[in-house]
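Overview (structure and organization)
Given next are the chains, with one letter for each unit.
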Amino acid sequence: RFVRKGQAINMIFQRCMEQDYNPDQFLTVDRTYLLIYLRGISYSPEYDVEVKCPDTEKKFSTTIDLNSLYVESCPDSYGPVLEDVLPTSGYKFKYTLSRGKDEREIQDYRERRIKMFGDGSADDTLIYRTSMLLDNVEGLQDQRELQTLLKGLPINDVAYIRGSINEPPFGVETSVTIVSPFTMEEFEIELPLEANFFFPRRKKTDDTQA
């Protein structure tokens, strides 16, 4: 029930903090770091996953060392006002970084759309999320008008906005390099947050019960 309502992660954070902070106010990048850190100290930094070789389409099991993920601290010069200029149109824009409450609102929006229009409808969640985190573009602040603007901007400008919002210069690097046992070639994946992230599979051993 708590997972469906988006409350499970907040409950984990609240039960692991001495101070009475509201995890909904944590930046998404900080929540990701906390989630990975807590998993590492709760079970072990060894995270067993199943991935697919991009060349052969064959699946294989591998282990990711969570301690090896690179973490970048927030630069002192970053913020507090986040603003930039679009590379193609030259429009000035201000934005915010997503927090836990924003991600829950976006998830609620996606679920409402599915209930109203079904799974086959066009998913505009990405545009909704981007417009929600934009403070303004050249003074334009209305969210519906921002969505219309985003649909009309050059794709290079839209990608630049999303990069600014989604890729701040700090946080944990979740891109992981894997070596395929079938081709011995390296490829990259995003750290998969599977069901066994907090419910690790029990490893098989050669021990037998008497």
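Here, the structure is the one placed above.
The text that follows walks through the structure, step by step, so that each part is easy to find. Source: prediction; values computed, not measured.

Take the overall build of the chain next. Within the chain one finds 6 helices and 9 strands. By residue count, 32% of the 210 residues in the chain fall in the buried class. Contacts in the chain between residues at least 24 apart in sequence constitute 59% of all its contacts with a sequence separation of at least 6. Carbon and sulfur atoms make up 49% of the accessible area of the chain, which amounts to about 14300 Å² in all. Side-chain charges in the chain split into 26 positive and 36 negative, and the spacing between the mean points of these groups amounts to 9 Å.

The residue valine 179 is located in strand 8 (residues 175–179) in this model. In this structure valine 179 comes out as partly exposed when scored by relative accessible area, which is 41%. Separated by 126 residues in sequence, valine 179 and cysteine 53 have C-alpha atoms that sit 8.7 Å apart. Residue contacts for valine 179: discarding those within four places in its chain leaves Phe60, Met184, Glu185, Glu186 and Phe187.

A separate point is helix 6 (residues 155–166). Between its terminal C-alpha atoms helix 6 stretches 16 Å, which fits the 16 Å expected from 12 residues at 1.5 Å a residue. Restricting attention to buried positions, one finds in helix 6 the residues Asp157, Val158, Ile161, Ser164 and Ile165. For helix 6, the angular spread of buried residues about the axis comes to 125°, placing them on one side. Those residues of helix 6 that are buried are in contact with strand 4 (83–85), strand 5 (92–95), helix 4 (125–133), strand 6 (134–137) and helix 5 (143–152).

Let us now look at the pattern of salt bridges. When the charged atoms of two side chains with opposite charge come close together, those side chains can pair. All chains considered together, the criterion is met by 5 salt bridges. Note that glutamate 57 and lysine 52 form a salt bridge whose closest N and O atoms lie 3.7 Å from each other. Aspartate 124 serves as the salt-bridge partner of arginine 113, at 3.2 Å between the closest nitrogen and oxygen. On the criterion of sequence distance, the pair formed by arginine 113 in helix 3 (residues 100–117) and aspartate 124 in the loop between helix 3 and helix 4 is long-range, its members being 11 residues apart. Its relative accessible area of 18% is what places arginine 113 among the buried residues.

What follows is about the sheet that holds strand 6. Spatially, 3 strands are ordered 4-5-6 in an open sheet, and the strand pairing comes out antiparallel. Only two strands of the sheet have a single neighbouring strand rather than two, namely strand 4 and strand 6. Strand-to-strand, the axes of this sheet are offset by a mean angle of 20°, without reference to chain direction. Direction of pairing for strand 4 relative to strand 5: antiparallel, over a ladder of 3 bridges. Each bridged residue has a counterpart across the sheet, and for glutamate 83 the counterpart in strand 5 is lysine 94. Across the sheet, helix 4 is in contact with strand 5 and strand 6; its angle to strand 6 comes to roughly 80°.

On the surface, a cluster of negative charge is made up of Asp55, Glu167, Glu173, Glu185, Glu186, Glu188 and Glu190. On the basis of relative accessible area, glutamate 186 is assigned to the exposed category, the value being 60%.

Rules used throughout
- Residue indices follow the written sequence of each chain, beginning from 1 at its first position.
- The predicted nature of this model means local features are confined to residues of pLDDT at least 70 and side-chain atom pairs, given and counted, to a pLDDT of 80 or more, with totals for whole chains, interfaces and linings taken over all residues.
- Side-chain figures throughout are based on the complete set of non-hydrogen atoms in the structure, without hydrogens or water.
- Helix and strand assignments follow DSSP, with helices taken as H or I runs no shorter than four residues and strands as E runs no shorter than two, numbered in order from the N terminus.
- Throughout, exposure labels follow a simple rule: accessible area from a 1.4 Å probe, protein chains only, divided by the maximum for the residue type, with under 20% read as buried, over 50% as exposed, and the rest as partly exposed.
- By definition, residues are in contact when any of their heavy atoms lie within 4.5 Å.
- Accessible areas in this description were obtained via Shrake-Rupley with a 1.4 Å probe; residue shielding takes into account the shown protein chains only.
- In summary, the charge assignment counts Lys and Arg as positive and Asp and Glu as negative, without counting His or the chain termini.
- We put the charge of a Lys on NZ, of an Arg on CZ, of an Asp on CG and of a Glu on CD.
- How far a helix is expected to stretch is found by multiplying one less than its residue total by 1.5 Å.
- In this description, one arc is meant: the one made by directions from the helix axis to the C-beta atoms.
- Criterion for a salt bridge: a side-chain nitrogen of Lys or Arg within 4 Å of a carboxyl oxygen of Asp or Glu.
- By the convention used here, strands pair only if DSSP detects at least 2 bridges between them.
- Angles run from 0 to 180 degrees between N-to-C directions of axes, and those axes are lines fitted to C-alpha atoms, restricted for helices to the stretch in contact.
- Only residues above 30% relative accessible area that lack a salt bridge enter a patch, with like-charged residues linked at up to 9 Å and the nonpolar side chains Val, Leu, Ile, Met, Phe, Trp and Tyr linked at up to 5 Å.

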